[in-house]
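Now for the letters of each chain:
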Amino acid sequence: MSQPRQLSLNVFVYPGGHHEAAWRYKGTDASRLLDISYYQELARKAETARFDALFFADGPVLADNIRYASRFRVEPITWLSAIAAATSHIGLIATASTSYYEPYNLARLFASLDHISQGRAGWNIVTTSVAQAAQNFNLAEHPVHAERYDRSREFVEVVTKLWDSWEDDAVRADQASGIYADDTRIHAIEHVGRHFKVKGALNTPRTPQGRPVYVQAGSSEEGRSFAALYAEAIFTAHQTLPSAQAFYADIKQRAGALGRRPEHIKVLPGLSPFIGSTQAEADALEEEFNDLVQPEFSLHQLRRMTGVDLSGYDLNAPFPRHLLDLNSPTATASRFQLVLGVIDRERPTIRQLINRLAGARGHFVIAGPPERIADEIQLWFENGAADGFNIMPPWLTGGLDAFAEHVVPILRQRGLFRSEYSGTTLRDHYGLPRPESRFADGVRASA
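Q: Now, about the overall build of the chain: what can you tell me, with residues and values included?
A: Helix and strand content of the chain: 14 helices and 13 strands. Here the C-alpha radius of gyration of the chain, 22 Å, is about what a compact globule of 447 residues would show, namely 22 Å. Principal-axis analysis of the C-alpha atoms places the extent of the chain at approximately 75 × 50 × 45 Å. A total of 447 residues make up the chain; the buried ones form 56% of that total. Pairs at least 24 apart in sequence give 77% of the contacts found in the chain among residues at least 6 apart. One way to put it: in the chain the 46 positive side-chain charges average out to a point 2 Å from where the 52 negative ones average out.

Below, the structure written as structure tokens:
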């Protein structure tokens, strides 16, 4: 008898938390934001609550608004390797860019993380949207959107071949015969393509999961096509149930059309909850955070999303929608469309809009008692909008503590979330199959 469908829950980690003023909040210990033991403790808390995974974002450029927010980046594969040593079950998802890595190096790094963690690694595949990154990699200019996705598709193809290049039974470790590896089961990939020429094989044996879980976060047309072809989990941002339902249906339909099983793609919107014992208490908590917002930072963030510079405008005036260029390249971006939706639905002032976005950069922010948070999660989960959520605590570790202690038990009582792990790998947690090497006898015979 099949098990009832269960939520997938990740903890999306930002230094200090997801609200842009989190590092200033009285419940945040800003002195520990570069202390690995702090993140190990956070991971153990998430593991105790039986979360699927811990997720770290990354980008190869220093944020140009670092003056006002703790938006530095640590290299996530190194960071998660240290966290792996302090945990035993929780998945470990790191972001790495196909625009600014080489496939062979990335394949080795994630293979190593999967071995270190005994099968808990996931790769969040991004193409990097920040143009300034090019200047850190000896490039004159950042590749255009379509070019980045073209490179990304070939990049994933090469990395997949490298992770498959050792068959599962290639390592014999036969001390009596003196044979360590059957080299007839280790394969040069001999890839020659438009962007890459890679001989292989990888110099690391096949990993516990076969290969790390493929995660993706783009919602543009190219991003959706890419996700339908490769992604096993998708991080996405939506403000309304209908928007999330439309995205969910589109991704599942695209995947099915490509011959994939739609249930093998987990659609996981971001959710940032402010939790109080009452609605009034939760609203007051959110307002306390918004009172710490620094408008110069917030307006910079808004300019990145919309292309509109509102410096010097009256923050209490209505947002000047007429300044939005709906025909610009920026207007096709998913985050621009999300912000436009907020403007058209809510008709906010500039201050209301920046406060609206301060909590999670366009992801769904909700304030309320635990029952309301659980109700919203259940509504999306049971109505074709989500397979689970990336929980984005407004601050750490208190925001995670509140969710784990007060919302997770309600989800369990409703039969929506696990009480214990049923396996040890990230693929186990997501209910994903372990892929065979393309070079295995059975795979070759069926090709």
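Q: Lay out the packing of aromatic side chains with the relevant residues and their values.
A: In this structure the tally under the stated criterion is 23 aromatic pairs. Relative to Phe 417, the ring of Phe 51 has its centre 6.5 Å away and its plane inclined at 65°; by these criteria the two rings are edge-to-face. Of the two residues, Phe 51 sits in the loop between helix H1 (36-48) and strand S2 (53-56) while Phe 417 sits in the loop between helix H12 (398-413) and helix H13 (426-430), which places them 366 residues apart along the sequence. Seen from their ring centres, Phe 289 and Trp 395 are 5.5 Å apart, and the 45° between their planes marks the pair as tilted. Taken together, the residues span a long stretch of sequence, with Phe 289 in helix H7 (residues 279-290) and Trp 395 in the loop between strand S13 (388-391) and H12 at a distance of 106 residues. You'll find Phe 289 and Trp 395 in the same group, each marked buried. Three or more aromatic residues joined by ring pairs make a cluster, and in this case those are Phe 110, Trp 123, Phe 155, Trp 163, Phe 196 and Tyr 214.

Q: Tell me about H12, and please be specific about residues and values.
A: Taking 1.5 Å of rise per residue, the 16 residues of H12 would be expected to cover 22 Å, and the 23 Å separating its terminal C-alpha atoms lies within 8% of that figure. The principal kink in H12, of about 35°, is found at Val 407, preceding the proline Pro 409 by one to four residues. Listing the buried residues of H12 in full gives Gly 398, Gly 399, Leu 400, Asp 401, Ala 402, Phe 403, Ala 404, Val 407, Val 408, Ile 410 and Leu 411. Check the buried side of H12 and you find it contacts strand S1 (8-13), H1, strand S11 (266-275), helix H11 (370-382) and S13. Two residues or fewer past H12, Gly 415 is found with a positive phi of approximately 75°.

Q: Explain the side chain of Glu 167 to me, and be specific about the residues and the numbers.
A: When you line up the elements, Glu 167 lands in the loop between helix H4 (145-164) and strand S5 (171-174). On the accessibility criterion, Glu 167 (5% relative accessible area) is buried. A distance of 2.9 Å separates polar atoms of two side chains, one belonging to Glu 167 and the other to Arg 185.

Q: Describe the environment of Pro 242, with residues and values.
A: Along the chain, Pro 242 turns up in helix H6 (residues 241-257). Judged by its relative accessible area of 55%, Pro 242 falls in the exposed class. For the pair Pro 242 and Trp 123, spaced 119 residues apart in sequence, the C-alpha separation works out to 29 Å.

The rules behind these values
Residues numbered from 1 in each chain as written. Predicted model: local features only at pLDDT ≥ 70, side-chain atom pairs only at ≥ 80, totals over all residues. Heavy atoms only, no water. Helix = DSSP H or I, 4+ residues; strand = E, 2+ residues; numbered from the N terminus. Rg over C-alpha atoms; globule rule 2.2 N^0.38 Å. Buried < 20%, exposed > 50% of the residue type's maximum accessible area, 1.4 Å probe, protein only. Contact = heavy atoms within 4.5 Å. Lys, Arg positive; Asp, Glu negative; His and termini not counted. Charge placed at Lys NZ, Arg CZ, Asp CG, Glu CD. Phe/Tyr/Trp six-rings, centres within 6.5 Å; stacked < 30°, edge-to-face > 60°. Expected span 1.5 Å × (residues − 1). Bend = angle between axes of the 7 residues up to and from the residue. Polar contact = N/O pair within 3.5 Å; in protein donor to acceptor, adjacent residues only side chain to side chain.

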